[in-house]
Structures are given as structure tokens and as C-alpha cells.
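An overview of the molecular structure
For reference, the chains in residue letters:
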Amino acid sequence: MAITTSFSLPGYNWRKGKRSWDKHTWLYVSVLIAVVLGAAVGLIWPEFAQSLEPLGKGFVSLIKMMIAPIIFCTIVVGVGSIAKAATVGKIGGLALVYFMLMSTFALAIGLVVGNIIHPGTGLDMAGASYDATTTEAKSTQDFILGIIPTTFFSAFTGESVLQVLFIALLVGFTVQGLGEKGAPIMAAVKHLQVLVFRILGMILWLAPIGAFGAIAAVVGKTGIAAIWGLGLLMVAFYITCIVFIIGVLGTLLYAVTRLNIFQLIKYLGREYLLIVGTSSSESALPRLIAKMEHVGVSKPVVGITVPTGYSFNLDGTAIYLTMASLFIAAGMGQPMSIGEQIGLLLFMIIASKGAAGVTGAGLATLAGGLQAYRPDLVDGVGVIVGIDRFMSEGRALTNFTGNAVATLLIGTWTKQIDPARARRVLGGGEPFDESMLDGSSHDGMSTATDAVGTQGLEEAAVAELAAKETRAKARAQR
């Protein structure tokens, strides 16, 4: 299978040197324009701007409409991915545990930073009154019993996201228990997931309208403080991502492999440009596989770890989800208690699996988490839509760096890496040969990856690992 060497930022063809705007670029630019116009309207005509609030609420309602099917599909598929990763032996199990721990750690970091800087404090994002007594449990017993739906299908028609989560976990583990008999069911859920996210993609085309209304209303109520508050959140998010990459991932990388995180970042420079342009780390998947093999990590480790990371490594997304949740809570004047924050963290850990790399999945997961624990805060998601695109590059870059670091770590732990070659490559002594990759096939492979996920890559890696073990046994017998 050919992998490309050339790459293109959205709207730019590197070989032809001409601008060619695609649909994602148009959406990105449209949201930016909507945010600027919304802020301007809020400052110039504050009373009129407040009347535009229904535009933001309408968009959020469309997102809420998709929460139940998105959570169901992503959890069922995510459980399947966990089972698959756990069956590929030591490498898959180690990768799975590592990614789960690091994503949880990233969520915790987001909560800590959010509680220190208190983003959103002083804003007036509160909309219409909300009667929380109808959905909030009055005791621990009521909360636990409330997770169990009245009927199997009532979970999808009610307002409790935790009931959908409960049903999805039951279905996911049951399908896995069925083995081959459950394969058609899993395939059907994956097809449903494609449909659900296609609908979500259509809804996201209304993001400029929702962002315009939400930003205008908030700025109209709060004034220039709203702009400063949103700016503070973005700056704090990017600083947190940088600290996580250099302080956490860099320290861990050096402690285990004695490799320098800055050299790794330089080595992956072209991939970072590609990710910044597309706001998705999926676009750089083929090149990451090729470069990790070039740096000296064995093909089985790369073939298992990288696809697993694209499903389970959500470091940047985790930081975004927690900080955005705290921002909305503070902005609406309803800060979260520590218990609610911990519950939200646990929900995010589970709900974010299975939707990695899907456009809009982070926004839907954010809305789903708030709907589960603080339904009164969901309307605040409309404001986040306005700056979501500004932070998408940070999420993607952090996730991508985490995948690269994980591949080097797991290669070291399993002793399937050439340390001398890794130091030589990252030090610039053995540059990556771009001519090894076919420049004409990137778009096709990227599309195929988006369509079928990482299943094929995992299966190929498992097959190669099995063949390697067979050859080793044959040599031992001889």
C-alpha cells in the first residue's frame, strides 16, 4: 500500500502552488467571520445582539438532538476497539493501558488548570431559566437507580444521557461476547455511526449561524469582558497543551528512551503543518506510520500502537473538554462542585472513546457530558462553538504528539526499537527519505482511513506479528 510524501494544507496544493479552497476551509473561515461579526454586533448594538440568542440556542438544540445516537454508537464501537486491542498480545494491551492512563491524566490536568484560572468568571451567559429539579437526582440512591431506563428504548427518548451510556455498554460487551455471531451487529452499528456523524456534519454547517448568535448575545450582555474571557480560555488551553507536551510527554520520553522531545517535534515538523491546516491528526496518520518505522521502531509495534492511539489517545481533546466545561459553568454563574467535576471526568473518559478523529465529535461529547451531569449548562455550548475551531489545532497537535511519543515508549518497553538509529534519525544524521512515499496517493488513503477507521491497519499489524512469532518458533524448533 503506497503512502504519500506530499501533503497539502486545506485550500493549498503544494505541487501546483495554487489555492483551492475545500469545504472544510470554507466552514472554518465562515465560523471565524461569524465570531468577529457577532462580537462587533454585540459591542455596537447590545440590545439587538441579545435578541439573537435564539440562533445559538437553536444550534445547540440540534447538537442535543444527536447526543443519544452519537453516544450509543461511539460507546459500542469503542468497546469493540478495546476488545480488539486487547487481543493483539503484549503490545496491544500495553498500548491500551498507556493511552487510557494518559487520557485520564490529561483530563485531570484540564480540571486543575480550570480551577486555578477560573475561565468564564464574570460573564453573563445565562439564558432562560431552567428547572433542574426535574432531572437532578436528590440522593446517591436516586442517581444510581436513575441510570436504569424504564425500557430498553426509553433511554433514547428521554433526557438522561447516562441511561444511553448504560445501554450502550451492555450492547457493546454483549456483542463482543457473541464472537463471530456478533460481527454483523457490530458492522450494523458502524454503518449507523457513519450515518449519525454524516448528519452531525450537516448540522455543523450551521455552526457560523449558531456562533454568530451566541457570541453576539454574550458580548451584548457582558461587553468587552466576554471577548477577554473567551481569549483567556484559548490562551490557557494552548499553554496547558504546551506544558503537557513538553513537561509531561517530554519528561516521560526522556526518562524512558533518553530521546529529546524537541528533536521529535522537529522531526515531525511537516506533519504538524499538515495538521494545522486540516485541524485533524487523521490527515497525518500515513506519514506518522512511515516516520515511526524510519526512526527505528519495529513494524508490529507501529502497526498496533499508532492505530490504537488514534482511537484511544485523546490527550488534547481531554484537556479541551474539561476546561470548556468549567468555562461554561463559570460563565453561566453555576460553578461545578468537585463531585460533579469527577463525575464529568469519568463520563468523558468513557464517552470520548470510539469517536476519535471524527469532525464534531469533541463538541458532541462536551454537550453529552454536560447533559448527563449539568443539563442547565448545555446552552452554553453555543458560545464554545464560536471558539471551538480556534482550539481544534491544539487538540489535534497534542493528540498527534502523544501518539508519536507512545510509539517510541512502547517500542522501548517491548525492546522492539533500535535506540542508536532513533538518536541518529532525530539528531538529523539520517533524514527521512520523502521519495519513499508516493505523492499521488495521500488523499485516497486519507479518505480510506476516514471511512474504515484503523481496523485494516490493526489487522495487518496483528498478522505480521503472528507471522513473526511463527518464524521464531520455527527457528527454535530447528
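Residues numbered from 1 in each chain as written. Predicted model: local features only at pLDDT ≥ 70, side-chain atom pairs only at ≥ 80, totals over all residues. Heavy atoms only, no water.

Taking an unreviewed UniProt entry as the reference, the protein is identified by name as Cation:dicarboxylase symporter family transporter belonging to Microbacterium profundi. Quoted verbatim from the Subcellular location (unreviewed entry) heading of the UniProt record, the comment on the protein is "Membrane". (UniProt positions renumbered as here; feature names shortened; annotations may be inferred.)

Below, the discussion takes up the UniProt feature "transmembrane region" (unreviewed entry) in the protein. On the UniProt side, "transmembrane region" (unreviewed entry) is annotated at positions that read residues 25–45, 65–83, 95–117, 160–178, 199–219, 225–256, 318–336 and 342–367 here. Taken as a whole, residues 95–117 contains 100% helix and 0% strand, while its terminal C-alpha atoms sit 33 Å from one another. Strand forms 0% of residues 160–178 and helix 89%; the C-alpha atoms that close the span are 28 Å apart. (Helix = DSSP H or I, 4+ residues; strand = E, 2+ residues; numbered from the N terminus.)

What follows deals with the confidence of the model for the protein. Reading predicted coordinates in detail is not appropriate for stretches of low pLDDT. Mean pLDDT over the protein: 74, with 74% of residues reaching 70 or higher. Per-element confidence in the protein ranges from a low mean pLDDT of 34 for helix H21 (residues 442–452) to a high of 94 for helix H12 (residues 261–267). The model gives residues 128–138 a pLDDT under 50, and that stretch makes 11 contacts with residues more than four places away or in other chains. Low pLDDT, under 50, characterises residues 438–466; the predicted model gives this stretch 50 contacts beyond four residues in sequence or across chains. (pLDDT = per-residue confidence, 0-100. Contact = heavy atoms within 4.5 Å.)

On to the environment of Ile 67, then. If you trace the backbone, Ile 67 turns up in helix H4 (residues 67–86). A residue is classified by how much of its surface remains accessible, and Ile 67, at 3% relative accessible area, is buried. Put simply, Ile 67 and Val 164 are 97 residues apart on the chain and 9.3 Å apart in space, counted from C-alpha to C-alpha. Beyond its immediate sequence surroundings of up to four residues, Ile 67 is in contact with Val 161, Ala 364, Ala 367, Gly 368 and Gln 371. (Buried < 20%, exposed > 50% of the residue type's maximum accessible area, 1.4 Å probe, protein only.)

Tallied over the entire structure, the rule returns 4 salt bridges. The partner of Glu 271 in a salt bridge is Arg 287, and the shortest N-O contact between them spans 2.4 Å. Taken as a pair, Glu 271 in helix H13 (residues 269–278) and Arg 287 in helix H14 (residues 285–294) lie far apart in primary sequence, 16 residues in all. The same class applies to Glu 271 as to Arg 287, namely buried. In this structure, the salt-bridge partner of Glu 271 is Lys 291, at a minimum N-O distance of 3.1 Å. Placement of the pair is Glu 271 in helix H13 and Lys 291 in helix H14, with a sequence separation of 20 residues. Members of the salt-bridge network, linked through shared partners, are Glu 271, Arg 287 and Lys 291. (Salt bridge = Lys/Arg side-chain N within 4 Å of Asp/Glu carboxyl O.)

On to a nonpolar patch on the surface, then. Residues Leu 43, Ile 44, Trp 45, Phe 48, Ile 224, Ile 227 and Trp 228 make up a contiguous nonpolar surface patch of roughly 780 Å² in combined accessible area. Secondary structure elements with two or more residues in the nonpolar patch: helix H1 (23–44) and helix H11 (224–257). Here the nonpolar patch takes 3 residues from H11, the largest share from any one element. Residue position: Ile 44 is located in helix H1. In this structure Ile 44 comes out as exposed when scored by relative accessible area, which is 54%. (Patch = residues over 30% accessible without salt bridge, like charges linked within 9 Å, V, L, I, M, F, W, Y side chains within 5 Å. Areas by Shrake-Rupley, 256 points an atom, 1.4 Å probe, with all protein chains shown as cover.)

Scanning the model with the defined rule gives 7 aromatic pairs in all. Between Phe 72 and Phe 156, the aromatic rings sit 5.3 Å apart at their centres with planes inclined by 75 degrees, giving edge-to-face as the arrangement. With Phe 72 in helix H4 and Phe 156 in helix H7 (residues 154–157), this residue pair connects regions lying 84 residues apart in the sequence. Accessibility expressed as a relative area gives 12% for Phe 72, which makes it buried. Here Phe 156 falls in the partly exposed class, since its relative accessible area comes to 29%. Ring-pair connections join several aromatic residues into one group, and the members of that group are Tyr 98, Phe 99 and Trp 413. Its end group placed over the ring of Tyr 267, Lys 291 keeps NZ or CZ at 4.8 Å from the ring centre. Lying over the aromatic face of Tyr 320, Arg 395 brings its terminal NZ or CZ to 4.2 Å of the ring centre. (Phe/Tyr/Trp six-rings, centres within 6.5 Å; stacked < 30°, edge-to-face > 60°. Lys NZ or Arg CZ within 6 Å of the ring centre and 35° of its normal.)

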